[in-house]
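Observations on the three-dimensional arrangement
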Amino acid sequence: MMTDIDEARDYQGRHVDCDACNHRNLLAAQRCELRKACVQDRYARRIDRFFDWNPELADEHLAHPHFEVRAIAAKFANPFLLPAMLNDPDETVRWEAVRRLPSRYRLELRNDPHREVRIRVATLLEGADLLPMMKDSDYYVRIVVARKLDPPLLIWMVDDPEVEVRRIVAQRIDAQWLGRMALDPLADVRLEAAQRMTDEQLTSLRQDPDWRVRHYLASRLSAEELEPMLNDSDPIVAETVRRRVNGEPIS
């Protein structure tokens, strides 16, 4: 039985007809091959192989009706033709174009309507160029930004609405702001901050409402600093504190 991958069909589902193709002269020269290297085929790998064999033909396909052809052609086309592709209706085409252009063009796509483009643009930008993306509507764009921003600039993201973003901020922000992160409403963020704080700073978290944070303190602070926690409301924390204060091993 023949499967879809064995067939040669175009993006509209029609059988590819080499005799009707504008590039039929390439067939005899072995510069294209049905079901292997064909610009008319609907499979991206076959289109990519066609332009790999015939990169000089990429420019004339930048306006092709099939987005896969335009996107792959953008990988091989003259870079001077690519700025116009930043307005292409398909996000894949816009991304393929901008990744080959100088960095100033990437700034134009910081507000691209498609999240995947903005995510990829954020991975390419550095420093102050990332600042406008701190307030992006998509949480994963902001995660990328939080991972890349210089630590001093992360103060602008300590109140991000997404907990995962704030966790990353707590992992990377300058140490002077860890006390601020330790006031976060969610324990996951406070715990990230606690793991970077000095012992002196940690004592302010002995009354933290979450047992996980207090248990972290119980495993790290000195016995003298733990004595106020001997009657902790959580039995696991209280037992850990007792063992530490008595010099017993913690299982």
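So, here's what we can say about the structure. Please read all numbers here as calculations on a predicted model, not as lab measurements.

1. What about the overall build of the protein chain?
Within the protein chain, the secondary structure is distributed over 14 helices and 0 strands. Reading the protein chain from its N terminus to its C terminus gives the helix and strand order α-α-α-α-α-α-α-α-α-α-α-α-α-α. Relative to the globule expectation of 18 Å for 251 residues, the C-alpha radius of gyration of the protein chain, 28 Å, shows a markedly less compact shape. Along the first, second and third principal axes, the C-alpha atoms of the protein chain reach 90 × 45 × 25 Å. Looking at the protein chain as a whole, 43% of its 251 residues qualify as buried.

2. What to know about the pattern of salt bridges
If you walk through the whole model with that rule in mind, you get 26 salt bridges. The shortest N-O distance in the salt bridge between E56 and R31 comes to 2.2 Å. Of this pair, E56 sits in the loop between α2 (44–53) and α3 (67–76) while R31 sits in the loop between α1 (25–28) and α2; the two residues are 25 residues apart in sequence, bridging distant segments of the chain. The shortest N-O distance in the salt bridge between K75 and D48 comes to 2.7 Å.

3. Focus on unusual backbone geometry
Even without glycine at this site, Q30 takes up a positive phi of about 60°. By the secondary structure assignment, Q30 is in the loop between α1 and α2. Relative accessible area serves as the criterion here: at 66%, Q30 is assigned to the exposed category. You will see that R35, though not glycine, has its phi angle at about 65°, which is positive.

4. Quick word on helix α7 (residues 139–148)
Considered for burial, the residues of α7 that qualify are V141, R142, I143, V144, V145 and A146. As for α7, its buried residues are in contact with α6 (115–124) and α8 (163–172). The backbone nitrogen of Y140 has a side-chain oxygen 2.9 Å away, supplied by the residue at the start of α7, namely D138.

5. Focus on the nonpolar core
Among the nonpolar cores identified, the biggest contains 67 residues, and F51, M157 and V169 are the most heavily contacted of them. Ignoring anything within four residues of it in the chain, the contact list for M157 reads M134, R142, V145, A146, L149, V165, R166 and V169.

6. A word on the packing of α6 against α7
Interaxial distance between α6 and α7 falls to 9 Å at its minimum, and their mutual angle equals 5°. Our classification of the angle between α6 and α7 gives roughly parallel. For the pair α6 and α7, contact is made by R115, R118, I119, A122, T123 and L124 and by Y140, V141, V144, V145 and K148, respectively. Its residues assigned to classes, the contact of α6 with α7 comprises 7 nonpolar, 1 polar and 3 charged.

7. Examining the packing of helix α12 (residues 211–220) against helix α14 (residues 235–245)
Close contact between α12 and α14 brings their axes to 9 Å; oriented N to C, the two are set at 10°. Taken together, α12 and α14 sit at an angle that is classed as roughly parallel. Seen from α12, the contacting residues are W211, R214, H215, A218, S219 and R220; seen from α14, they are I236, V237, T240, V241 and R244. For the contact of α12 with α14, the class distribution of residues is 5 nonpolar, 3 polar and 3 charged.

8. Regarding the environment of Q176
Mapped onto the elements of the fold, Q176 is located in the loop between α8 and α9 (178–181). Remark: the alpha-carbon pair of Q176 and V213, spanning 37 residues in sequence, is separated by 19 Å.

9. Quick look at the packing of aromatic side chains
Enumeration over the complete set of coordinates arrives at 3 aromatic pairs. Seen in terms of ring centroids, Y139 and Y140 are 6.2 Å apart; in terms of plane orientation they differ by 85°. Their pairing is edge-to-face. Feature note: the residues F50, F51 and F76 constitute an aromatic cluster, connected by ring pairs.

10. Remarks on the state of the cysteines
Disulfides are covalent bonds that connect the sulfur atoms of two cysteines. Taken as a whole, this structure holds 0 disulfides when the rule is applied. The thiol sulfur of C18 is not disulfide-bonded, and the nearest other cysteine sulfur, from C38, lies at 6.3 Å. Free cysteine C21: the closest other cysteine sulfur is in C38, separated by 6.1 Å. On the basis of relative accessibility, which here comes to 12%, the residue C21 falls in the buried class.

Procedures and definitions
- Residues numbered from 1 in each chain as written.
- Predicted model: local features only at pLDDT ≥ 70, side-chain atom pairs only at ≥ 80, totals over all residues.
- Heavy atoms only, no water.
- Helix = DSSP H or I, 4+ residues; strand = E, 2+ residues; numbered from the N terminus.
- Rg over C-alpha atoms; globule rule 2.2 N^0.38 Å.
- Buried < 20%, exposed > 50% of the residue type's maximum accessible area, 1.4 Å probe, protein only.
- Salt bridge = Lys/Arg side-chain N within 4 Å of Asp/Glu carboxyl O.
- Contact = heavy atoms within 4.5 Å.
- Polar contact = N/O pair within 3.5 Å; in protein donor to acceptor, adjacent residues only side chain to side chain.
- Core = buried A, V, L, I, M, F, W, Y, C linked by side-chain atoms within 4.5 Å.
- Axes fitted to C-alpha atoms, helices over the stretch in contact; angles between N-to-C directions.
- Parallel < 35°, antiparallel > 145°, perpendicular 65-115°, else oblique.
- Nonpolar A, V, L, I, M, F, W, Y, C, P; charged D, E, K, R; others polar.
- Phe/Tyr/Trp six-rings, centres within 6.5 Å; stacked < 30°, edge-to-face > 60°.
- Disulfide = S-S within 2.5 Å.

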